[in-house]
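The primary structure of each chain is shown beneath.
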Amino acid sequence: MIEAATLAAIADRWGTPCYVYDAQGMRARHDELKAALRGVDHRIHYAVKANSNLGVLALFHELGTGFDIVSGGELARVLEVGGDAADVVFSGVGKRADEIDFALKAGVGCFNVESAAELARIEARAELLGRAAPISLRVNPQVDPQTHPYIATGLRESKFGVAMEDAPALYRRASASEHLRVVGIDCHIGSQIQTWAPFREAGQRILELRDTLAADGIDIEHVDLGGGLGVAYDDDAALDVAAYGQGLRELLGNQKVTLLLEPGRYLVANNGLLLTRVEYLKPGFKNFAIVDAAMNDLLRPALYQAYHHIERVGAPGADALDGSWNIVGPICESGDFLAHDRDLTVAAGDLLAVHSAGAYGMSQASNYNSRGRAPEVLVDAGEPRLIRARETLNDLLGPERAALAGG
Ligand code: LLP
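Side note on the overall build of the protein chain
Looking only at helices and strands, one finds 12 helices and 18 strands in the protein chain. On C-alpha atoms alone, the protein chain measures out to a radius of gyration of 23 Å, which is about the 22 Å that the 2.2 N^0.38 rule sets for 407 residues. Overall size of the protein chain, expressed as C-alpha extent along the three principal axes, is 75 × 55 × 40 Å. Put simply, the protein chain has 407 residues, and 53% of those count as buried. Within the protein chain, counting contacts between residues at least 6 apart in sequence, those at least 24 apart form 71% of the total. Within the structure as shown, the protein chain displays about 17400 Å² of accessible surface, and the carbon and sulfur contribution to it stands at 50%.

The following block contains the structure:
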């Protein structure tokens, strides 16, 4: 959606590597999901971890979404853009006491609780603060989402959630506590799921649990089916969101319960790209195009062997070579690659766009090899705006200098 001339101007102005996002595209995805869910009593909680830039969070806040968070840091981000803690669900297997306190004081909408031990800790913190913590249990419906093993989370062997069979007893315990308030049931079976079927299976099991609880006199207000809506990275089939919506309509029928969803990738992945410039060509037994972005900027290829489409921006330079290229970064590891065997006509100095980098791109970036993290630019109706400056050497060295000087 963003024009080559705009990308070239962004690269000139803010340098490369640089993340570029499309605001209109994000709004369009949000609207598409809302349209698919028409007739379903639902709330969307954008999963902050997918792309947690304040500019992006502000955009979703303006659209009226709630948020799904997994840390106190993410809660601080939501509050920073004027988000209401009541519209936040707090997921994650390892919530610290200070994070629980922060969320309780802010008035978070729901804790998605992942173990008996965590339930006990939340109860104890709530008692200390003289409050009742709203909770839902994240259960493990044991559904295979048929996705990469690192991002499948609803199987028996995963670290997430509580076993289905343990849930009723935990709910009874929670509903008997004056410092816990049962509000929902939650699950999240994985990410990048391409078909409706695993969601249906998970949803059915959640609704069965809801009926079991109702028979016990425990009524819940919402069921949360998590995120996981898959997108197209290549020619692979993306989740058909209309079919997903239709499935949810049929699943929920006229049940008196609010549906919560926690999509991250779906809203942002294909509305972001990573701009990078070719530093050197190194043709040979294998052809390498060495670019200025690396695994510290975009970890997905190294970590999941993920495919990201790569395209040259604008005309090739005068010395361009045709070939099949491994697009690699400057980091001292063979695992530092963005792509293998891509047919491109490319010259040193050319600008490349790494597509589908709006989700789990910048949010998984690091300072490995003492590389400052890339800037982020949000383009709205053709107008680019810097939403995060490139990290400077001072940003990198400052905390160590300060600590060393203070020690
Ligand atoms: N809710 C919970 C509890 C989650 O753990 C996640 C993602 C989401 C929602 C959002 O899932 P999404 O709609 O984005 O699929 N770094 C990996 C993805 C990890 C997903 C972790 N959990 C990647 O780059 O593919």
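Topic: the site of the ligand
Among the 19 residues in the neighbourhood of the ligand, the closest are listed as Ser191, Glu262, Arg300, Tyr304 and Tyr360. Take lysine 49: an N or O atom from its side chain is 3.2 Å from an oxygen atom of the ligand. Within the contact set of the ligand, an oxygen atom lies 2.6 Å away from a side-chain nitrogen or oxygen of tyrosine 360. Against a free-state accessible area of 590 Å², the protein chains account for coverage of 91% of the ligand. A class-by-class count of the residues in the shell around the ligand yields 5 nonpolar, 8 polar and 6 charged.

What to know about the packing of helix H7 (residues 167-176) against helix H8 (residues 197-215)
Contact geometry of H7 with H8 gives a least axis separation of 10 Å together with a crossing angle of 45 degrees. Between H7 and H8, the crossing angle belongs to the class labelled oblique. The handedness of the crossing between H7 and H8 is right-handed. Listed contacts from H8 to Ala167, Pro168 and Tyr171 of H7 are Leu209, Thr212 and Leu213.

Notes on the packing of aromatic side chains
Think of a pair of aromatic rings as described by two things: how far the centres are apart, and how the planes are tilted against each other in angle. This structure, assessed with the given rule, holds 7 aromatic pairs. A centroid spacing of 6.2 Å and a plane angle of 25 degrees characterise the contact between tyrosine 19 and tyrosine 21, whose relative ring orientation is stacked. An identical accessibility class is assigned to tyrosine 19 and tyrosine 21; each is buried. Site record: aromatic cluster; members linked through ring pairs are Tyr46, Phe60 and Phe67.

What to know about the pairing of strand S11 (residues 272-282)
Where strand S1 (residues 18-22) and S11 come together, 4 bridges link them in antiparallel fashion. The residue bridging tyrosine 21 from the neighbouring strand is glycine 272, located in S11. Looking at chain direction, S11 and strand S16 (residues 351-354) are connected through 4 bridges and run antiparallel. Opposite arginine 277, over in S16, you have leucine 351 as the bridge partner. Strand direction decides the pairing type here: S11 and strand S12 (residues 287-291), joined by 4 bridges, are antiparallel. Following the sheet pairing, valine 278 is matched in S12 by valine 291.

Side note on the pattern of salt bridges
Inspection of every chain in the model, using the stated rule, returns 16 salt bridges. Across the salt bridge formed by glutamate 32 and arginine 29, the nearest N and O atoms sit 3.4 Å from each other. Of this pair, glutamate 32 and arginine 29 both sit in helix H2 (residues 23-36), 3 residues apart, which is roughly one turn of that helix. Look at glutamate 32 and you get partly exposed, because its relative accessible area is 34%. Its relative accessible area of 19% is what places arginine 29 among the buried residues. For the salt bridge of lysine 286 with aspartate 341, the shortest nitrogen-to-oxygen distance reads 3.1 Å. Placement of the pair is lysine 286 in the loop between S11 and S12 and aspartate 341 in strand S15 (residues 337-346), with a sequence separation of 55 residues.

Some words on helix H6 (residues 116-128)
The end-to-end C-alpha distance of H6, which contains 13 residues, comes to 19 Å, matching closely the 18 Å that a straight helix rising 1.5 Å per residue would cover. Those residues of H6 lying buried are Glu118, Leu119, Ile122 and Ala126. Angular distribution of buried residues about the axis of H6 spans 105 degrees; they occupy a single face of the element. Away from its buried face by more than 90 degrees, H6 exposes Ala117 and Leu128.

Conventions and cut-offs
Residues numbered from 1 in each chain as written. Predicted model: local features only at pLDDT ≥ 70, side-chain atom pairs only at ≥ 80, totals over all residues. Heavy atoms only, no water. Helix = DSSP H or I, 4+ residues; strand = E, 2+ residues; numbered from the N terminus. Rg over C-alpha atoms; globule rule 2.2 N^0.38 Å. Buried < 20%, exposed > 50% of the residue type's maximum accessible area, 1.4 Å probe, protein only. Contact = heavy atoms within 4.5 Å. Areas by Shrake-Rupley, 256 points an atom, 1.4 Å probe, with all protein chains shown as cover. Near = heavy atom within 4 Å. Polar contact = N/O pair within 3.5 Å; in protein donor to acceptor, adjacent residues only side chain to side chain. Nonpolar A, V, L, I, M, F, W, Y, C, P; charged D, E, K, R; others polar. Axes fitted to C-alpha atoms, helices over the stretch in contact; angles between N-to-C directions. Parallel < 35°, antiparallel > 145°, perpendicular 65-115°, else oblique. Left-handed = near helix turned anticlockwise from the far one by under 90°. Phe/Tyr/Trp six-rings, centres within 6.5 Å; stacked < 30°, edge-to-face > 60°. Pairing = 2+ DSSP bridges. Salt bridge = Lys/Arg side-chain N within 4 Å of Asp/Glu carboxyl O. Expected span 1.5 Å × (residues − 1). Arc of directions from axis to C-beta.

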